[in-house]
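Each chain is listed here by its residues.
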There are 2 protein chains.
Amino acid sequence: MQKVESPRVVIVGGGFAGLAAARALRKAPLAVILIDRQNYHLFQPLLYQVATASLSSNEIAYPIRSIVRRQDNINVVMAEVMSIDVDGHKVVLRDGDVGYDYLIVATGVRHSYFGHSEWERLAPGLKDLADALEIRRRVLCAFEQAEFESDPSKRQSLLTFVIVGAGPTGVELAGAMGELACNVLRRDFRRIDPRTARIILAEAGPRVLPGFPEDLSSRAEDTLRKLCVEVRLNCTVTSIDPENVVIGSEAVRSATVIWAAGVEASPLARSIGADVDQKGRVLVEPDLSVPGHPEIFVVGDLSAFVHQTGEPLPGLAPVAVQQGRHAALNIIRSYKGLQSRPFHYVDRGVLATIGRGAAVAQVGRLKFWGLPAWIVWVLVHIFQLIGFRNRFVVMFEWAWSYVTYKRSARLIVGTCQEQGGQDR
Amino acid sequence: MQKVESPRVVIVGGGFAGLAAARALRKAPLAVILIDRQNYHLFQPLLYQVATASLSSNEIAYPIRSIVRRQDNINVVMAEVMSIDVDGHKVVLRDGDVGYDYLIVATGVRHSYFGHSEWERLAPGLKDLADALEIRRRVLCAFEQAEFESDPSKRQSLLTFVIVGAGPTGVELAGAMGELACNVLRRDFRRIDPRTARIILAEAGPRVLPGFPEDLSSRAEDTLRKLCVEVRLNCTVTSIDPENVVIGSEAVRSATVIWAAGVEASPLARSIGADVDQKGRVLVEPDLSVPGHPEIFVVGDLSAFVHQTGEPLPGLAPVAVQQGRHAALNIIRSYKGLQSRPFHYVDRGVLATIGRGAAVAQVGRLKFWGLPAWIVWVLVHIFQLIGFRNRFVVMFEWAWSYVTYKRSARLIVGTCQEQGGQDR
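Rules of the game
Residues numbered from 1 in each chain as written. Chains lettered and ligands numbered in written order. Predicted model: local features only at pLDDT ≥ 70, side-chain atom pairs only at ≥ 80, totals over all residues. Heavy atoms only, no water. Helix = DSSP H or I, 4+ residues; strand = E, 2+ residues; numbered from the N terminus. Rg over C-alpha atoms; globule rule 2.2 N^0.38 Å. Buried < 20%, exposed > 50% of the residue type's maximum accessible area, 1.4 Å probe, protein only. Contact = heavy atoms within 4.5 Å. Buried area = accessible area lost by both parts, 1.4 Å probe. Salt bridge = Lys/Arg side-chain N within 4 Å of Asp/Glu carboxyl O. Polar contact = N/O pair within 3.5 Å; in protein donor to acceptor, adjacent residues only side chain to side chain. Core = buried A, V, L, I, M, F, W, Y, C linked by side-chain atoms within 4.5 Å. Phe/Tyr/Trp six-rings, centres within 6.5 Å; stacked < 30°, edge-to-face > 60°. Disulfide = S-S within 2.5 Å. Pairing = 2+ DSSP bridges. Axes fitted to C-alpha atoms, helices over the stretch in contact; angles between N-to-C directions. 1 Å grid on protein atoms, 1.4 Å probe; cavity = no way out; pocket = protein on both sides within 12 Å on 5 of 7 lines; lining within 4 Å. Points joined across faces, edges and corners; volume = space filled by probe spheres on them. Least-squares fit on C-alpha atoms with pLDDT ≥ 70 in both. Left-handed = near helix turned anticlockwise from the far one by under 90°. Nonpolar A, V, L, I, M, F, W, Y, C, P; charged D, E, K, R; others polar.

Visitor: Any chance you could explain the overall build of chain A here in plain terms?
Guide: Scanning chain A from N- to C-terminus turns up 13 helices and 25 strands. What you see for chain A is a C-alpha radius of gyration of 22 Å, in line with the 22 Å of a compact globule of 424 residues. With the principal axes as the frame, chain A shows a C-alpha extent of 80 × 50 × 45 Å. Residues counted as buried form 58% of the 424 residues belonging to chain A.

This is the structure we're talking about:
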C-alpha cells in the first residue's frame, strides 16, 4: 500500500497572521511548512517597551518551534524567502526551494522613508527586535555621552530626541521616552538632569493617533504634554542629517531621531505579480486569495483588504490574526472541495497606551481613557502574550516598574562609539 | 571661604572588584570616579546560562548607575581607558583624561589563545555579554541549520560541539549544552534528533575542574558523561579551522567550537609598568598596591597575589570582592595617615554546577555533590545577584525551567549566515 502524500501548505512569515494560520491548520490532514527568517515569533505591540528599556527581548519573543512543538503536521524552517515562483508553485530560498500546493504569504511591512532611504541609518524605525535594541542603545548612549559632554550645545543636542510620526508606535514611544527621562533616570546622573531632555513628537497630520476618534486624540495629546513631550502637529520632516532635523520650518539639533512615520509592504509582495496599492500591499479578493491564484493567500499587514465599510483595514494584530485564521479555513474548505468564503473583520476596538496609568481606548461605541483604559490595555496585552511564563514575567516587570519607577533592561550591549547595526 | 576639594579615587572596571571597592568607599570623604566601558555590572558566574539560552542578558547584568545611585560621592563614567599615565597621575581615555590621587585598577582578564589569535574568530570565549550572545547564536543556529541540511556528514558536523578547557566555565558550559540537546530541544525538531548531538569537552590536563579536590573532579566527570558529554582528558587542541578541530591526534568535524581554556590579563596591566606574571597579571605588594606606587592598587583577576599558603589566588568572584574592599580600606587608611594593611583571603570554598540538580562543592574540609551541592549553588548565586528584582526573576526562571525543561532565552537575534560580531 502506497502512502499518499498530504497536500502541502507553505506559510511564509511567523508573525500574528502566519502563526494564526498555522494553528488553525493543526487538525487538518495537510502538511504545513512555516518559514520565517527569525527563529522567534515577536509580540510587536510591546516592541516599543524593549526600545525604551522596560522589557527585555525574551519577554516579547518566543521560539516558533516551541509554540508549535505539539502540532505534528508542521515543519518549521528558519530561512529567508527570496521570491515566489507563482507558476512553478514554489517559494525560492537563499539555498534551495520549497514547493507548495497552497501558499499563505504573511511577511508584513517595513518602515518607509518616502524615498529618503538615506534617512534609515540616521533615524531607525521600529519593526523588529534588532531595531528595538538599536534604538535602546542610541537612547541610553545619548544620556551617557551627555553626562560626559562639556560643550553645552552638544549636550543639549544629545538630550534632544525627535520621534517622527504620531501613530500608535510614535505616541507609545514618545510617552515611554518621557517617562524614562523624567522618572527613571532622574537620580542616576550627576552632571546632567535627565528631566531637561526634550522629547519632540513630530506629526505631518493635524492630530496624534489619526486612526482614533478625535476626542481620544486630544486626550492623548494632553497626556503626552504632561509627560514633557513636545507635540508638533502639521509639521513635516523635510531633512535629517547627523546633527539636525528640520521639522516644518525649524531646524532642531538632535543626536537621536526615531522613525515612526510610514510603512511599505515587504518586497515579497511584488514577486507574487498581483496588483498592489500605493504602499505596495497586495490587493486581495474578498476571500483573501490573490486574483487568478485561488491557491495563494495574502494576510496580515501585507494584504490590502477593503473592509465591508469601504475603508481599507488597518495594520493591527487583531486583523492579522483573523485573516490568518480565515485563510487557513478557506484552504481546508478548498481541500474538501468546498467553495471559499469571504472574510469579514470583527472589530473589537482600538487601544493605545501613553504612559504609566494612561491610555486611550475605543470598544464599539464606548470610549475611555486614563487609568481604566490603561488597565484594559494591560490585561489585553498580558492575555495575548504567548505562554504562561511570558505572561507572568511581563506582569511582574510591569508591577515592579510601576512601584519602583525602575527599568530592568537598561543595558548598552556594544559600545556608544559605533553607529548602527553593530551592537546587540 | 574656599571649598577644599576631596582627594579623588579613580576606579577602573565595574566588575566584582571595582564595585566592591566603590561601595566600601561610600562613607569616605573622597570623590570617587568609577569608569567602565559598559554601562552595566555583569554577574559573570551565570554568564554561561546566557550562552546556553537559560537566562536573558538583563537577568545577570545591572546598570552601574542604578547600583550606586544613592551613593553621593561617586561619579560613573562610561568610557574606555586606553592607558594609565603613572607619572602624570591620570588615566587616559579615548577622548580626554581623568586625574587621580588614588587609583584602583580592576579590569580583569580576557581569554588567551596561547599565541593562536586566529582561533578567536572560530572559537569564541566567554567573558562578556557580547561573547555570551554570540555563543548562543552559534549554538542555536547550528541546530536550525542541521534541521535543514540534507548532507549527513555536514549535518553531523553541525551537531558536534567542542568545548576547549574543563575549568569551571568549560564544565558548566558542557553540562548546560548537554541538557539543551538532550532535554530542552528534544521535541522541537522534525528531521533531526537533537539527542544525537555530540558535546565534546577537551582538556589538556588529566582531570576536569583542576582547582577542585580530585574526588570531586571524578564525580563531576561522571555527571557530565550522564549528560551525554564526551570528556577527553590529556588532549591538547592543536588546530582549529572552520571545519575541523584537532583534539589530541584526532580531527573532529565540528561547526561550533567554544574556548574556555586560558586567560590573560587586560592590556592595561602593561601600562602600569610593574612586573607581571606569565599571564600578564600585575605582581602586587601584600597590601595590593603596585611596587613603588602606594597610590595604585590592582585587584581582582588582574592582580597576581600570592596567597599566605604560597599559592597564587584563583580568579574567583569572592577573591575579587574581598580584594576590592581591602584596597578601598587601605586608601581610607592612607588618607587618614595610617599605614596600609596586608590582604588576607578568607576562603569560603569552591562551587561548580554541572546541570539540573547536579553540582560539586567544597566548603572548608566539607565536600559534597549532587542535589545538596546544587541547592547550595542556587542559593549562593541567588543571594549574590544584585537587586531584589533580578533575584526574583532568576529564581522564577530556574524554577520554571526545572519544572518544564523549557528555556526562555532561545532567541537568535541576527541571522545564521553572518559569522561573528554582527548579531545581537
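After that view, the rundown keeps rolling.
Visitor: Help me understand the interface of chain A and chain B in this model?
Guide: A common way to express how large an interface is: the accessible area buried when the components associate. With 59 residues of chain A at the interface, the matching set in chain B holds 59 residues. Summing both sides of the interface, chain A and chain B together bury roughly 5400 Å²; the carbon and sulfur share of this comes to 52%. At the junction of chain A with chain B, the criterion picks out five salt bridges. Residues Asp 188 of chain A and Arg 69 of chain B are paired through a salt bridge, measuring 3.0 Å at the closest nitrogen-oxygen approach. The interface formed by chain A and chain B contains 24 residue pairs in polar contact (both at pLDDT 80 or more). For the side of chain A that touches chain B, the elements supplying multiple residues, two or more each, are α3 (57–60), β4 (61–63), α4 (64–67), β5 (74–78), α6 (129–148) and α13 (388–404) of chain A.

Visitor: Just checking my understanding: could you explain the nonpolar core for this structure?
Guide: If you look at the biggest cluster of nonpolar residues, it comprises 130 residues, and the most contacted ones within it are Ile 35, Val 91, Phe 143 and Val 208 of chain A. Ranked by size, the runner-up nonpolar core spans 129 residues in total, among them Ala 79, Val 86, Phe 212 and Trp 374 of chain B.

Visitor: Sorry, what's going on with the packing of aromatic side chains here?
Guide: To describe a pair of aromatic rings, one takes the distance between the centres and the angle between the planes. Residues and elements named next belong to chain B. Throughout the structure, instances matching the rule amount to 14 aromatic pairs over all chains. Measuring from ring centre to ring centre gives 5.6 Å for Phe 16 and Phe 43, while their planes differ by 75 degrees; the resulting arrangement is edge-to-face. Taken as a pair, Phe 16 in helix α1 (residues 16–24) and Phe 43 in the loop between β3 (40–42) and α2 (47–51) lie far apart in primary sequence, 27 residues in all. Among the residues examined, Phe 43 registers a relative accessible area of 3% and is labelled buried. Summarising the aromatic geometry, the rings of Phe 143 and Phe 189 are spaced 6.2 Å apart at their centres and angled 35 degrees between planes, so their arrangement reads as tilted. Here Phe 143, found in helix α6 (residues 129–148), pairs with Phe 189, found in the loop between α8 (168–184) and β12 (198–202); they are 46 residues apart in sequence, far enough to count as distant.

Visitor: Whenever I open this one, the state of the cysteines confuses me. Can you help?
Guide: A covalent bond between the sulfur atoms of two cysteines is what we call a disulfide. Residues and elements named next belong to chain A. Evaluation of the coordinates by the stated rule reveals two disulfides over all chains. Through a disulfide, Cys 182 is tied to Cys 228; the S-S separation comes to 2.4 Å. Of this pair, Cys 182 sits in helix α8 (residues 168–184) while Cys 228 sits in the loop between α9 (214–226) and β13 (229–232), placing them 46 residues apart in sequence. Judged by relative accessible area, Cys 182 falls into the buried class, the value being 13%. With no disulfide of its own, Cys 235 lies 20 Å from the sulfur of Cys 228, the closest cysteine sulfur.

Visitor: I would appreciate a short explanation of the sheet that holds strand β21 (residues 293–298) of chain B in the present structure.
Guide: Through backbone hydrogen bonds, the strands of a sheet pair up, either in parallel or in antiparallel fashion. Residues and elements named next belong to chain B. In space, the six strands of this open sheet follow the order β5-β2-β1-β9-β21-β20, with mixed pairing throughout. Only two strands of the sheet have a single partner each, and these edge strands are β5 (74–78) and β20 (289–290). As defined by bridge partners, strand β9 (residues 102–105) adjoins β21 across three bridges and the pair is classed as parallel. Residue pairing across strands places Ile 104 opposite Phe 297, the latter belonging to β21. With respect to the sheet, α1 is in contact with β1 (8–12), β2 (31–36), β5 and β9, its orientation differing from that of β1 by roughly 160 degrees.

Visitor: Teacher, can you tell me more about empty space enclosed by the protein here?
Guide: One simple way to see leftover space: roll a probe sized like a water molecule over the atoms. Residues and elements named next belong to chain B. Enumeration according to the criterion identifies ten cavities of 30 Å³ or more in this entry. The calculated volume of the largest cavity comes to roughly 310 Å³. Ser 54, Glu 179, Arg 356, Ser 401 and Arg 407 are, among the 21 residues lining the largest cavity, the residues nearest its centre. Elements supplying a minimum of two residues to the lining of the largest cavity: α2, α8, β23 (350–355), α12 (370–384) and α13 (388–404). At five residues, α8 tops the list of elements feeding residues into the lining of the largest cavity.

Visitor: Which parts of the structure should I look at to understand the side chain of Asp 128 of chain A?
Guide: Position of Asp 128 of chain A relative to the elements: it lies in the loop between α5 (119–122) and α6. Other than its neighbours up to four places away in sequence, Asp 128 of chain A contacts Leu 42, Leu 47 and Arg 110 of chain A.

Visitor: Mind showing me how you'd approach the relation of the copies chain A and chain B here?
Guide: Copy one and copy two of the chain differ by a rotation about an axis and a translation along that axis. In the superposition of chain A on chain B (RMSD 0.0 Å, axial shift 0.0 Å), the rotation amounts to 180 degrees. What the superposition gives is, in effect, a two-fold axis relating one chain to the other. Mapped onto chain B, 100% of the interface residues of chain A again fall at the interface, so both copies present the same surface.

Visitor: Got a minute to help me understand the pattern of salt bridges in this structure?
Guide: Side chains carrying opposite charge are able to pair once their charged atoms draw close together. Counting across every chain of the model gives 37 salt bridges over all chains. The salt bridge involving Arg 232 of chain A is made with Glu 230 of chain A; its shortest N-O contact spans 3.1 Å. Judged by its relative accessible area of 24%, Glu 230 of chain A is partly exposed. Salt-bridge contacts for Arg 410 of chain B lead to Asp 188 of chain B; the nearest nitrogen and oxygen are separated by 2.9 Å. Linking Arg 410 of chain B in the segment after α13 with Asp 188 of chain B in the loop between α8 and β12, this pair joins segments that are 222 residues apart in sequence. For the pair formed by Arg 410 of chain B and Asp 188 of chain B, the shared burial category is buried.

Visitor: Looking at this structure, how should I read the packing of helix α1 (residues 16–24) of chain A against helix α11 (residues 317–335) of chain A?
Guide: Each pair of packed helices gets described by two things: the angle between the helix axes and the distance between those axes. Residues and elements named next belong to chain A. Put simply, α1 and α11 touch, their axes get as near as 7 Å, and they point 35 degrees apart. Once α1 is placed against α11, the crossing between them reads as right-handed. Contacts between α1 and α11 involve Phe 16, Ala 17, Ala 20, Ala 21 and Ala 24 on the former and, on the latter, Ala 317, Ala 320, Val 321, Gly 324, Arg 325, Ala 328 and Ile 332. Split by residue class, the contact of α1 with α11 holds ten nonpolar, one polar and one charged.

Visitor: Quick question: what am I supposed to make of the side chain of Glu 179 of chain B here?
Guide: Residue and element names in this part refer to chain B. Tracing the backbone through its elements, the reader meets Glu 179 in helix α8. The exposure class assigned to Glu 179 is buried, which follows from its relative accessible area of 12%. Glu 179 has contacts with Val 184, Leu 227, Gly 355, Arg 356 and Arg 407, leaving out every residue within four places of it along the chain.

Visitor: I would appreciate a short explanation of the environment of Ala 79 of chain B in the present structure.
Guide: All names here are of chain B. Mapped onto the fold, Ala 79 is located in the loop between β5 and β6 (81–85). The spacing of Ala 79 and Gly 18 is 61 residues in sequence and 15 Å in space, taken between C-alpha atoms. For Ala 79, the contacting residues outside a window of four places in its chain are Ile 35, Asp 36, Arg 37 and Leu 93.

Visitor: Would you mind going over the sheet that holds strand β14 (residues 237–240) of chain B with me for this structure?
Guide: All names here are of chain B. On the basis of which strands lie adjacent, the open sheet formed by three strands has the order β14-β15-β16 and antiparallel pairing. Edge positions in the sheet fall to β14 and β16 (250–253), since each has one partner strand and no second. When the angles between neighbouring strand axes are averaged without regard to direction, this sheet yields 20 degrees.

Visitor: What's the story with unusual backbone geometry in this structure? I'm lost.
Guide: Residues apart from glycine generally show negative phi values, whereas peptide bonds are mostly found in trans. Backbone geometry places Leu 209 of chain A, a non-glycine residue, at a positive phi of 45 degrees. Of the residues examined, Leu 209 of chain A reaches a relative accessible area of 0% and is grouped as buried. Backbone geometry places Ala 53 of chain B, a non-glycine residue, at a positive phi of 70 degrees. Judged by its relative accessible area of 1%, Ala 53 of chain B is buried.

Visitor: How do you make sense of the pairing of strand β24 (residues 358–363) of chain A when you look at a structure like this?
Guide: On any regular strand, side chains alternate: one points to one face of the sheet, the next to the other face. All names here are of chain A. Strand direction decides the pairing type here: strand β23 (residues 350–355) and β24, joined by five bridges, are antiparallel. Note on β24: the bridge partner recorded for Leu 351 is Ala 361. The hairpin turn running from β23 into β24, its antiparallel successor, is two residues long, and Gly 357 in that turn takes a positive phi close to 70 degrees. Bridging between β24 and strand β25 (residues 366–369) involves four bridges; their strand directions are antiparallel. Bridged to Gln 362 within β25 is Lys 367. Taking the residues between adjacent antiparallel strands as the criterion, β24 and β25 are bridged by two residues, where Gly 364 takes a positive phi near 60 degrees.

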